[in-house]
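Structure at a glance
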Amino acid sequence: MPDPSPERARQDLLSRTALGVFGLNGRFLALSEELARPAGLTAAWWQVLGAVLREPLPVAGIARVMGITRQSVQRIADLLAAKGLAEYVPNPAHRRAKLLRPTEEGRAAVARITPAHAVLATRLAEELGEAAFAETVEVLDRLTKALDTLLPGTTSPR
């Protein structure tokens with residue numbers, strides 16, 4: 001069988017990359033559910049709370065950071081507020097788009113995940129090696145930036 005054309009080889013690389021990322025996404029979601037459950041959170045709740053730990057953000061801003069729809073974030077933000085894990089506060093930059101911020105209870109829930117998260121990070125660094133772990137992050141960052149450049153209508157979580 002002849003060697004594939006360069007175009008076909010590139011298409012194969014794109015397909016393998018996409019399938020690999022989809023597989024990793026599934027694994028990370030399952031792992032996140034496992035880590036979040038003992039803290040009384042879901043992976044989605046943890047993700048939204050994590051987006052506002054450093055600073056409050058409007059729902060649309062959280063959606064941009066996370067790379068998901070505003071409607072999905074709105075639903076989760078409303079649930080978090082109803083459970084007392086987050087609260088809406090006035091947004092000085094926009095009268096109608098309130099900011100979401102974690103409550104002390106929400107921060108405490110995320111903090112309960114930290115020990116298991118740290119153990120996993122250590123185990124993964126040992127499995128991959130510190131340099132390869134850091135290189136993985138760099139490659140994913142480069143891939144994200146390249147896709148953002150090629151697909152300007154999308155937004156990245158970075």
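Please refer to the structure placed before this passage.
One structure accompanies this document, and this report is about it. (Residues numbered from 1 in each chain as written. Predicted model: local features only at pLDDT ≥ 70, side-chain atom pairs only at ≥ 80, totals over all residues. Heavy atoms only, no water.)

**As for the overall build of the protein**
Condition: Secondary structure is summarised from DSSP: a helix means a run of H or I of at least four residues, a strand means a run of E of at least two, and numbering begins at the N terminus for each. Relative accessibility decides the category of a residue: with a 1.4 Å probe and only protein chains considered, values under 20% of the type maximum give buried, values over 50% give exposed, and everything between is partly exposed. Contacts are assigned to residue pairs with any non-hydrogen atoms lying within 4.5 Å of each other. Calculation of accessible area relied on Shrake-Rupley with a 1.4 Å probe; when residues are assessed, cover is drawn exclusively from the protein chains displayed.
Summing up its helical and strand segments, the protein has six helices and three strands in all. Reading the helices (α) and strands (β) of the protein from amino to carboxyl end gives α-α-β-α-α-β-β-α-α. Projected onto its principal axes, the C-alpha positions of the protein cover 60 × 40 × 25 Å. By residue count, 24% of the 158 residues in the protein fall in the buried class. Contacts spanning at least 24 positions in sequence make up 46% of the contacts within the protein whose residues lie at least 6 apart. On the protein, roughly 11,100 Å² of surface is accessible, and the fraction owed to carbon and sulfur atoms is 59%.

**Re the pattern of salt bridges**
Rules: Any Lys or Arg side-chain nitrogen found within 4 Å of a carboxyl oxygen on Asp or Glu counts as a salt bridge.
According to the stated counting rule, one finds two salt bridges in the structure shown. Linking R16 and D12 is a salt bridge whose minimum nitrogen-to-oxygen distance equals 3.9 Å. Placement of both R16 and D12 in helix α1 (residues 6-36) is noted, with a separation of four residues, approximately one turn of the helix. Judged by its relative accessible area of 54%, R16 falls in the exposed class. Look at D12 and you get partly exposed, because its relative accessible area is 34%. A salt bridge links E87 to R101; its shortest N-O distance comes to 2.7 Å. Here the residue E87 occupies a position in strand β2 (residues 86-89), and R101 occupies one in strand β3 (residues 99-102), the gap between them amounting to 14 residues. Of the residues examined, E87 reaches a relative accessible area of 30% and is grouped as partly exposed.

**What about the nonpolar core?**
Filter applied, for reference: To define a nonpolar core, start from buried Ala, Val, Leu, Ile, Met, Phe, Trp, Tyr and Cys residues and group those joined through side-chain atoms within 4.5 Å.
Core analysis: the largest hydrophobic core is formed by 25 residues, its most contacted members being L41, W46, V48, I62, L80 and I113. Mapped by element, the contributors of at least two residues to this core are α1, α2 (43-51), α3 (59-66), α4 (70-82) and α5 (104-128). Per element, the largest residue contribution to this core is five residues, and it comes from α2. Sequence-distant contacts of L80, that is, excluding residues within four places in its chain, are made with W45, V48, L49, L85 and A86.

**Quick notes on the side chain of S32**
Rule in force here: Under the rule applied, a polar contact is a pair of N or O atoms within 3.5 Å (in protein, one hydrogen donor and one hydrogen acceptor; residues adjacent in sequence only if both atoms are side-chain atoms).
When you line up the elements, S32 lands in helix α1. The class for S32 is buried, based on a relative accessible area of 18%. Here the side chain of S32 touches F28 through a polar contact of 2.7 Å, landing on its backbone oxygen. Apart from residues no more than four positions distant in its own chain, S32 is found in contact with A43 and W46.

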